[in-house]
Amino acid sequence: MKIYNTLSRRKEEFVPLTPGQVKMYVCGPTVYNLIHIGNARPMIVFDTVRRYFEYKGYEVRYVSNFTDVDDKIIKKANEEGVDADTISKRYIAECKKDMEALNVKPATVHPLATEEINGMEDMIRVLIDKGHAYVAQDGTVYFRTSSFKDYGKLSHKNLDELQSGFREIKVTGEEGKEDPNDFVLWKPKKEGEPFWESPWCQGRPGWHIECSVMAKKYLGDQIDIHAGGEDLIFPHHENEIAQSESANEKPFATYWMHNGFLNIDNKKMSKSLGNFFTVREIGEKSDLQVLRFFMLSAHYRS
């Protein structure tokens, strides 16, 4: 079987790290609202990939997280006058209902970011000790992208191009950065936000560190397939590679798979643009198996 690998930009024969087993990590949703059918596309696509591996006789360990602490969750909680935990628990439950209706199998593990904070602190400490991360004056911890020579290998960007793109942008609140390309591993709390104690400051982890830590905990230092929507290639997956390979000193994922966007009127479907349909809305009018087969009738990368 051949897989198109975003890393090499070509189709490659699938060779698992352990014969007969597939270790697969798929980035899950940030849970602050009902999922829309754009969110559902990677769930359907990679559930189908998983099922095909199982049909071929592989034992698949499939991990897909829920991001349950995030600016959008906090904003929604503030609007409703409840805590962030109330919002995330509500929409994790709703998301699982929609996944079941779409015939998406539950993952082997659905880790939650808020339950993996200790692991994130441990990886950040390792990165600081190895010189890949540093602590700014306000307690923010940044990853030092210049310390990772392969930065840009997934998105095929180089640091010079990224630098020139940043020159015109005045970054506010990030004056402690050594370099505009450096990204946040841990950030100080703001008023009214959930926070955790850490050696650097009271605060919470950056988004990118979550998946590196959860993939390592539930699948090991090296995995076969890392997957998600194409919008995650840069910076999320690029930053995951930098963190994981710097901390573990091993290649992170052998194959990277990314699905294309779902477009409405030639624009990417997104909550921010308001051009979306929730899975729940479609389910009121049609059997969701029809939606599943409709999604799978197009090539997953298109």
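Use the structure listed above.
So, a few notes on the structure that sits alongside this text. (Residues numbered from 1 in each chain as written. Predicted model: local features only at pLDDT ≥ 70, side-chain atom pairs only at ≥ 80, totals over all residues. Heavy atoms only, no water.)

1. A few points about the packing of helix H4 (residues 117-129) against helix H7 (residues 233-248)
For the pair H4 and H7, the least separation of the axes is 9 Å and the interaxial angle reads 70°. Relative to H7, H4 is oriented roughly perpendicular. Note on element contacts: H7 touches H4 through Gln243, Ser246, Ala247 and Asn248, opposite Met123, Val126 and Leu127. (Axes fitted to C-alpha atoms, helices over the stretch in contact; angles between N-to-C directions. Helix = DSSP H or I, 4+ residues; strand = E, 2+ residues; numbered from the N terminus. Parallel < 35°, antiparallel > 145°, perpendicular 65-115°, else oblique. Contact = heavy atoms within 4.5 Å.)

2. Quick word on the packing of aromatic side chains
The final tally for this structure, using the stated rule, is 9 aromatic pairs. Geometrically, the ring pair formed by Phe14 and Tyr58 is edge-to-face, given 5.9 Å between the ring centres and 75° between the ring planes. Of this pair, Phe14 sits in the loop between strand E2 (10-13) and strand E3 (21-26) while Tyr58 is found in the loop between helix H1 (37-55) and strand E4 (59-64), placing the two residues 44 residues apart along the sequence. Since its relative accessible area comes to 6%, Phe14 is described here as buried. Geometrically, the ring pair formed by Tyr134 and Tyr142 is tilted, given 5.7 Å between the ring centres and 35° between the ring planes. (Phe/Tyr/Trp six-rings, centres within 6.5 Å; stacked < 30°, edge-to-face > 60°. Buried < 20%, exposed > 50% of the residue type's maximum accessible area, 1.4 Å probe, protein only.)

3. Quick look at the sheet that holds strand E7 (residues 183-188)
Strand order in the open sheet formed by 4 strands is E5-E6-E7-E8, and the pairing between neighbours is antiparallel. Both edges of this open sheet fall to strand E5 (133-135) and strand E8 (203-205), since each of them pairs with a single strand only. For this sheet the average axis-to-axis angle between neighbouring strands, irrespective of direction, equals 20°. Where E7 lies against E8, 3 bridges are found, and the strand directions are antiparallel. Bridge pairing in E8 links Pro188 to Gly203. Each of E5, strand E6 (141-143), E7 and E8 is contacted by H4, which is oriented at about 120° to E7, the strand it contacts most. (Pairing = 2+ DSSP bridges.)

4. Let's talk about the pattern of salt bridges
Overall, the coordinates contain 24 salt bridges when judged by the stated rule. Notably, a salt bridge pairs Asp71 with Arg204, separated by 2.4 Å at the nearest N-O pair. Placement of the pair is Asp71 in helix H2 (residues 71-80) and Arg204 in strand E8, with a sequence separation of 133 residues. The closest approach of N and O atoms between Asp231 and Lys268, which form a salt bridge, is 3.6 Å. One end of the pair, Asp231, is in the loop between strand E9 (223-229) and H7; the other, Lys268, is in strand E12 (residues 267-268), with 37 residues separating them in the sequence. Among the residues examined, Asp231 registers a relative accessible area of 38% and is labelled partly exposed. The network of salt bridges with common partners includes Glu94, Lys97, Asp98 and Arg280. (Salt bridge = Lys/Arg side-chain N within 4 Å of Asp/Glu carboxyl O.)

5. Things to note about the side chain of His208
In this fold, His208 is placed in helix H6 (residues 207-219). At a separation of 3.0 Å, a polar atom in the side chain of His208 contacts the side chain of His236. Among the polar contacts made by the side chain of His208, one reaches the side chain of Asn239 at a distance of 3.2 Å. (Polar contact = N/O pair within 3.5 Å; in protein donor to acceptor, adjacent residues only side chain to side chain.)

Read these as geometric descriptors, not functional statements.
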